[in-house]
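Examination of the molecular architecture
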Amino acid sequence: MKTLHLVSVSLGRQPELAAQILAAAEADDSLLLIGSGLYTLFSDFRWQGRVHALQADCQSCGIRLPSDVIAIDYAEMVSLCEHHENIVTWN
């Protein structure tokens, strides 16, 4: 896998940042939503690849994930990072 895009802010409130992420994305990239980044799920932002969300953050915010978003725990987050060539943090 190429790049893991780690998003910790709501992209619905930052359209310029959302556009930058989409411009940088490639077909085999993945998206990981953590913290306030989970609120991106309620925006118009659309990702074409795999979307992951940190389960602990979902539980603390009371967010139910759509069926196309993969909930992961901390160990799976580490594994996800290990399997990507690059990690880019957006905030």
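Glancing now at the sheet that holds strand β3 (residues 50-54). Ordered in space as β4-β3-β2-β1-β5, the five strands form an open sheet in which the pairing is parallel. Both edges of this open sheet fall to β4 (69-72) and β5 (86-90), since each of them pairs with a single strand only. The mean angle between the axes of side-by-side strands here comes to 25°, regardless of whether they run parallel or antiparallel. In the sheet, strand β2 (residues 30-33) pairs with β3 via four bridges, with the strands oriented parallel.

The biggest cluster of nonpolar side chains holds 17 residues, and the ones touching the most others in it are V7, L11, I21, L31 and F45. Mapped onto this core, the elements with two or more residues apiece are α1 (15-24), β2 and β3. Ranked by residues supplied to this core, first place goes to α1 with three residues. Sequence-distant contacts of L31, that is, excluding residues within four places in its chain, are made with L4, H5, V7, F45, W47, R50, V51 and H52. Ranked by size, the runner-up nonpolar core spans eight residues in total, among them L4, L6, L54 and M77.

Any space left empty among the atoms is revealed by the rolling of a water-sized probe across them. Empty space within the largest pocket amounts to approximately 220 Å³. Partitioned by chemical class, the residues of the lining of the largest pocket number eight nonpolar, two polar and two charged.

As for its position among the elements, C61 is in helix α2 (residues 55-61). Sequence separation between C61 and A75 is 14 residues; the distance between their C-alpha atoms is 20 Å.

What follows deals with the confidence of the model for the protein. Per-residue pLDDT for the protein has a mean of 95; in total, 100% of the residues score no lower than 70. Considering each helix and strand of the protein separately, the mean pLDDT is smallest for α2, with a value of 95, and largest for β2, with 98.

Tallied over the full model, the rule gives two aromatic pairs. Aromatic side chains Y39 and F42 sit 6.4 Å apart centroid to centroid with 40° between the ring planes, which places their arrangement in the tilted category. For Y39, a relative accessible area of 37% translates into the label partly exposed. When its relative accessible area of 58% is taken as the criterion, F42 is described as exposed. Here F45 and W47 contribute two aromatic rings whose centre-to-centre distance is 6.4 Å and whose plane-to-plane angle is 25°, an arrangement assigned as stacked. Accessibility classification places F45 together with W47 in one group, the buried group.

Criteria and cut-off values
Residues numbered from 1 in each chain as written. Predicted model: local features only at pLDDT ≥ 70, side-chain atom pairs only at ≥ 80, totals over all residues. Heavy atoms only, no water. Pairing = 2+ DSSP bridges. Helix = DSSP H or I, 4+ residues; strand = E, 2+ residues; numbered from the N terminus. Axes fitted to C-alpha atoms, helices over the stretch in contact; angles between N-to-C directions. Core = buried A, V, L, I, M, F, W, Y, C linked by side-chain atoms within 4.5 Å. Buried < 20%, exposed > 50% of the residue type's maximum accessible area, 1.4 Å probe, protein only. Contact = heavy atoms within 4.5 Å. 1 Å grid on protein atoms, 1.4 Å probe; cavity = no way out; pocket = protein on both sides within 12 Å on 5 of 7 lines; lining within 4 Å. Points joined across faces, edges and corners; volume = space filled by probe spheres on them. Nonpolar A, V, L, I, M, F, W, Y, C, P; charged D, E, K, R; others polar. pLDDT = per-residue confidence, 0-100. Phe/Tyr/Trp six-rings, centres within 6.5 Å; stacked < 30°, edge-to-face > 60°.

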